[in-house]
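Tertiary structure, described
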Amino acid sequence: MREGSLEAPTRHPLDWKNPQFWDPAKAEKELERVFDICHGCRRCVNLCTTFPTLFDLVDSSSTLEVDGVAKADYGKVVDQCYLCDLCYMTKCPYVPPHPWNVDFPHVMLRAKAIKFRNGRSSARPLRDRLLSSTDALGKLAAIPVVAQTVNALNRNSVSRTAMHAVLGVHKDRELPPYAAAKFRSSAKTSFSSPVRDGKNTPGKVAIFATCYANYNEPVMGHDLAAILAHNEIPYVIVEKEACCGMPKLELGDLEGVDSLKKINIPVLAKYAATGFAILAPVPSCALMFKQELPLMYPDDADTITVRDAMFDPFEYFVLRRKDGLLKTNFVKGLGKVSYHIPCHSRVQNMGQKTREMLESIPGTEVTTVERCSGHDGTWGVKTEYFDNSMKIGRPVFRQMAEPSPGYVSSDCPIAARHILQGRGESAGQAVKAHPLTLLRTAYGI
């Protein structure tokens with residue numbers, strides 16, 4: 001048996017429709033097998049709190065091996081994992097095609113799914129269902145008068161203390177505001193320019209807004225639209241969309257993911273089949289269509305068609321530049337930018353396209369931080385994980401602060417907000433700005 005692998009990681013489909021997938025005894029046996037391999041390696045100890053939790057359980061057991069850990073404690077490890085996928089993509093030497101076939105995130109996902117189906121996902125199932133229902137929350141909270149009230153309550157110490165006690169949303173977590181004007185209802189379609197297909201890129205775009213850009217920070221969507229219009233790329237807003245399903249996936253609610261897939265994929269497949277590139281401005285949403293849904297539905301033709309048409313915006317822009325079809329007439333330098341590359345951008349296996357694009361802007365100095373910020377979508381909001389999320393983020397907070405930047409930026413808007421909160425007073429005059437906002441600023445549009 002060889003020690004580790006030098007081959008590119010491959011990934012097996014998630015066999016979630018097989019009845020054996022849901023067998024608790026079989027899942028527990030696989031957990032023990034993978035935990036034993038991880039204990040013998042310990043290479044991932046500094047990634048998050050999942051692996052230290054496992055190793056502490058082993059080190060305090062009677063045998064100092066995984067067989068000494070109580071099976072009931074396996075859930076403590078599972079609960080710490082928020083499926084960032086970095087162990088699989090950047091650390092583990094035993095991922096397939098290695099014969100040991102270690103896919104730690106999928107083993108965690110299987111355990112989460114069984115817990116969720118059996119009603120044991122956490123001590124606060126109502127909170128978890130609410131937080132993962134981003135579309136339902138957004139449709140209510142983004143109503144103009146309601147948005148103002150919700151935002152005021154989210155800033156009020158009394159209401160936050162109540163939310164902490166009743167819902168389990170940590171009182172110190174800075175929550176993103178809801179916008180009174182949703183992106184989808186205020187965005188304009190631009191299809192006046194001719195379609196210019198490139199070698200690497202379709203010449204027309206369908207924007208999948210995402211819940212966050214639609215309800216929380218519409219500026220991201222408007223910036224993307226403005227950049228496309230400036231580069232004479234005709235675009236449309238996807239006619240109908242629901243949440244991508246990532247919050248449900250992270251909870252282990254695979255049936256919830258399936259319901260959302262049935263809404264999104266038929267719509268998006270029509271755009272993909274007619275030659276559109278599909279752009280999603282939030283990395284987790286792009287990843288959902290690029291990786292997670294294809295792994296859940298490997299034989300579904302529409303899902304694969306959507307996968308092949310889905311782009312991260314900066315992936316699209318860099319490829320567009322290679323095609324000689326992207327304008328580089330930047331009129332304003334950005335100065336010092338501290339840029340954090342999110343886990344779900346790294347997992348897309350496209351390289352650091354945002355950094356590449358920002359560094360091409362004259363008068364711009366980019367410091368890139370490649371490390372998990374520790375927030376995840378909803379994980380860092382919860383009372384039981386808030387402290388750990390801040391702990392995981394400390395190295396990122398420090399590295400982002402070191403160059404004394406004018407801008408703090410991340411493709412993941414939640415990570416950027418988390419980083420600015422973690423920096424506290426050391427943030428100084430730094431401005432949180434999404435990379436799309438920075439690119440639009442550089443264009444002067």
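In this text, all values refer to a predicted model and were calculated from it rather than measured experimentally.

1. Side note on the pattern of salt bridges
Taken as a whole, this structure holds 27 salt bridges when the rule is applied. The partner of Glu 384 in a salt bridge is Arg 127, and the shortest N-O contact between them spans 2.9 Å. Note that Glu 384 is positioned in the loop between strand 6 (364-369) and helix 20 (386-401) and Arg 127 in helix 6 (residues 125-132), a separation of 257 residues in sequence. We classify Glu 384 as partly exposed; its relative accessible area is 37%. Accessibility expressed as a relative area gives 2% for Arg 127, which makes it buried.

2. Here we look at the packing of helix 14 (residues 254-273) against helix 16 (residues 301-309)
Following both chains from N to C, one finds helix 14 and helix 16 inclined at 60°, their axes separated by 8 Å at the closest point. Classed by the angle they form, the pair helix 14 and helix 16 counts as oblique. The handedness of the crossing between helix 14 and helix 16 is left-handed. Of helix 16, the residues touching helix 14 (which contributes Lys 261, Ile 265, Leu 268, Ala 269, Ala 272 and Ala 273) are Asp 302, Thr 303, Thr 305, Val 306 and Ala 309. Residues that form the contact of helix 14 with helix 16 fall into these classes: seven nonpolar, two polar and two charged.

3. Some thoughts on the sheet that holds strand 6
Spatially, the four strands line up as an open sheet ordered 6-5-7-8, and their pairing is parallel. Lying at the two open borders of the sheet, with one neighbouring strand each, are strand 6 and strand 8 (431-432). The sheet contact formed by strand 5 (residues 335-340) and strand 7 (residues 407-410) spans four bridges and is parallel. Bridge pairing in strand 7 places His 340 opposite Ser 410.

4. Comments concerning the environment of Val 318
Structurally, the position occupied by Val 318 is in helix 17 (residues 313-322). When the C-alpha positions of Val 318 and Thr 354 are compared, they lie 8.3 Å apart, and in sequence the two are 36 residues distant. Leave out the neighbours within four places in its chain, and Val 318 touches Lys 353, Glu 356 and Met 357.

5. Quick notes on the side chain of His 39
In this structure, His 39 sits in helix 1 (residues 24-41). For His 39, a relative accessible area of 15% puts it in the buried group. Among the polar contacts made by the side chain of His 39, one reaches the side chain of Arg 42 at a distance of 3.0 Å. One polar contact links the side chain of His 39 to the main-chain carbonyl oxygen of Leu 64, over a distance of 3.5 Å. Apart from the residues within four sequence positions on either side, His 39 is in contact with Phe 55, Val 58, Leu 64, Glu 65 and Val 66.

6. Observations concerning the packing of helix 17 against helix 22 (residues 435-443)
Running from amino to carboxyl end, helix 17 crosses helix 22 at an angle of 40°, the nearest separation of the two axes being 11 Å. Put simply, helix 17 runs oblique to helix 22. Classified by chirality, the crossing of helix 22 by helix 17 is left-handed. Within the contact between the two elements, helix 17 uses Pro 313, Phe 314 and Phe 317 and helix 22 uses Pro 435, Leu 436 and Leu 439.

7. A word on the nonpolar core
Counting residues in hydrophobic clusters, the biggest one holds 77 residues, and the most contacted among them are Phe 35, Phe 104, Met 108, Leu 254 and Phe 289. Looking at this core, the element that brings in the most residues is helix 14, giving eight residues. Sequence-distant contacts of Met 108, that is, excluding residues within four places in its chain, are made with Leu 31, Phe 35, Val 77, Val 78, Cys 81 and Leu 83. Core analysis: the next-biggest nonpolar cluster, separate from the first, contains 37 residues, Leu 279, Phe 314, Ile 341 and Leu 439 among them.

8. Some remarks on the sheet that holds strand 1 (residues 205-207)
One open sheet holds the four strands; their spatial order is 2-1-3-4, and the pairing between them is parallel. Both outer strands of the open sheet, strand 2 (235-237) and strand 4 (310-311), are each paired with one neighbouring strand and no more. One ladder, built from three bridges, connects strand 1 with strand 2; its direction is parallel. Residue pairing in the sheet places Ile 207 in a bridge with Ile 237 of strand 2. Taken strand by strand, helix 12 (residues 218-230) contacts strand 1, strand 2 and strand 3 (277-279), and its axis lies near 170° from that of strand 1.

9. Section: the environment of Thr 378
Its location among the elements puts Thr 378 in the loop between strand 6 and helix 20. For Thr 378, a relative accessible area of 17% corresponds to the buried category. Considering only alpha carbons, one finds Thr 378 and Ser 360, 18 residues apart in sequence, at a separation of 34 Å.

10. A few points about the pairing of strand 7
Two faces belong to every sheet, and in a regular strand the side chains alternate between them. Alternating residues of strand 7 divide into Tyr 407 and Ser 409 and Val 408 and Ser 410, and every residue in both groups is buried. Looking at chain direction, strand 7 and strand 8 are connected through two bridges and run parallel. Paired with Val 408 across the strands is Lys 432, a residue of strand 8.

The rules behind each value
- Residues numbered from 1 in each chain as written.
- Predicted model: local features only at pLDDT ≥ 70, side-chain atom pairs only at ≥ 80, totals over all residues.
- Heavy atoms only, no water.
- Salt bridge = Lys/Arg side-chain N within 4 Å of Asp/Glu carboxyl O.
- Helix = DSSP H or I, 4+ residues; strand = E, 2+ residues; numbered from the N terminus.
- Buried < 20%, exposed > 50% of the residue type's maximum accessible area, 1.4 Å probe, protein only.
- Axes fitted to C-alpha atoms, helices over the stretch in contact; angles between N-to-C directions.
- Parallel < 35°, antiparallel > 145°, perpendicular 65-115°, else oblique.
- Left-handed = near helix turned anticlockwise from the far one by under 90°.
- Contact = heavy atoms within 4.5 Å.
- Nonpolar A, V, L, I, M, F, W, Y, C, P; charged D, E, K, R; others polar.
- Pairing = 2+ DSSP bridges.
- Polar contact = N/O pair within 3.5 Å; in protein donor to acceptor, adjacent residues only side chain to side chain.
- Core = buried A, V, L, I, M, F, W, Y, C linked by side-chain atoms within 4.5 Å.

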